[in-house]
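Listed below, chain by chain, are the residues.
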Amino acid sequence: MNTPSRALILGASGGIGGEVARQLRAAGWQINALTRRTPSGEDYHWITADALSRAEIVHAARDCEVIVHAVNPAGYRHWDTQVMPMLENTLTAARQHGATVVLPGTVYNFGPATFPVIAEDAPQQPQTRKGGIRAAMEQRLQEFVTEGGRALIVRAGDFFGPAAGNNWFAQGLIKPGKTITTVSNPGRAGVGHQWAYLPDVAATMVALLGKRTQLQPLEKVHLAGHWDEDGSAMAAAICRVVARYSGQSPRIATFPWWLVHLLAPFQTTFRELKEMQYLWQQPVRLSNARLLSLLGHEPHTPLDRAVEATLRALGCLPA
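Residues numbered from 1 in each chain as written. Predicted model: local features only at pLDDT ≥ 70, side-chain atom pairs only at ≥ 80, totals over all residues. Heavy atoms only, no water.

## Brief notes about the overall build of the chain
A tally of helices and strands in the chain yields eleven helices and 14 strands. If you line up the chain on its principal axes, its C-alpha atoms span 55 × 45 × 40 Å. In the chain, buried positions account for 54% of the 319 residues. Sequence separation of 24 or more characterises 76% of the internal contacts of the chain that already satisfy a separation of 6 or more. Surface exposure of the chain reaches about 14100 Å², of which carbon and sulfur atoms provide 51%. Distance from the positive charge centre (30 side chains) to the negative charge centre (25 side chains) of the chain: 4 Å. (Helix = DSSP H or I, 4+ residues; strand = E, 2+ residues; numbered from the N terminus. Buried < 20%, exposed > 50% of the residue type's maximum accessible area, 1.4 Å probe, protein only. Contact = heavy atoms within 4.5 Å. Areas by Shrake-Rupley, 256 points an atom, 1.4 Å probe, with all protein chains shown as cover. Lys, Arg positive; Asp, Glu negative; His and termini not counted. Charge placed at Lys NZ, Arg CZ, Asp CG, Glu CD.)

## Quick word on the packing of aromatic side chains
One pass over the full model with this rule turns up eleven aromatic pairs. On the numbers, 5.5 Å between centres and 55 degrees between planes, the contact of Trp168 with Trp257 is tilted. On the criterion of sequence distance, the pair formed by Trp168 in helix H5 (residues 168–173) and Trp257 in helix H8 (residues 257–263) is long-range, its members being 89 residues apart. Trp257 carries the same exposure label as Trp168, and that label is buried. Clustering of aromatic rings is evident, with ring pairs tying together Phe160, Trp168, Phe169, Trp195, Tyr197, Phe255, Trp257 and Trp280. (Phe/Tyr/Trp six-rings, centres within 6.5 Å; stacked < 30°, edge-to-face > 60°.)

Structure below.
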């Protein structure tokens, strides 16, 4: 009788960590779920610990073949001082237990020189503070692999989906918990934008982990996700879904970037939004060529169905 594979999920109560944990469990994996908060009722081995504690992470990773590093400092605070120590603790645990490290990646670590279509091995020339940190994380994974480790980086566009946590969909386009009468569109007219439905991202990670022995020591893959060709498709999908339930379509308004610039000096969230504005002013698209070569397909939920599930979870549609 084969022993089920076991994974440690850092950030298991968050958006991407929680979704990966659920899908791995459904695929038959045993889950060590690390959380800073009171554990939920999922069928995991819950571990209340701090990702900044190396000893706790090493202990939590016992018997684990995979460590999903989906943890970030709370809110947008302390990235400069906490992100790299958290990653170092994960790498130490992975080295001691022979585990593969999985990192959910972003487009932040790329600069305009690689736009509009970004290949998996494109040079990283970040333009922002957070982008610099993300690039440093990936460079550290490269070093970890040269030391004999194994790692998988899965990059995707802007997350949306049930329980996706902090994201543009829930924080910029609509207001959670309220009937939607207006959709704010952050994009510039005619400029494409890439979205990633969180369950599709998690399904991709689970599928790749099923083939982990066939992957390169440092495997980097991109999701195509939902490509919004002219920057209007996501807002239009929200309007269609809302209209099916209410009979009335919300109006689409321009996102108030002027307000973000006004408040950025005084509020951390607005400062972060301002820093990422460049990703809405030019098309930025991830090429999923490597993913297709590995899996032959990309998990993909139709846009309206994904938007409906997201809006329902955010309390914007009837239960």
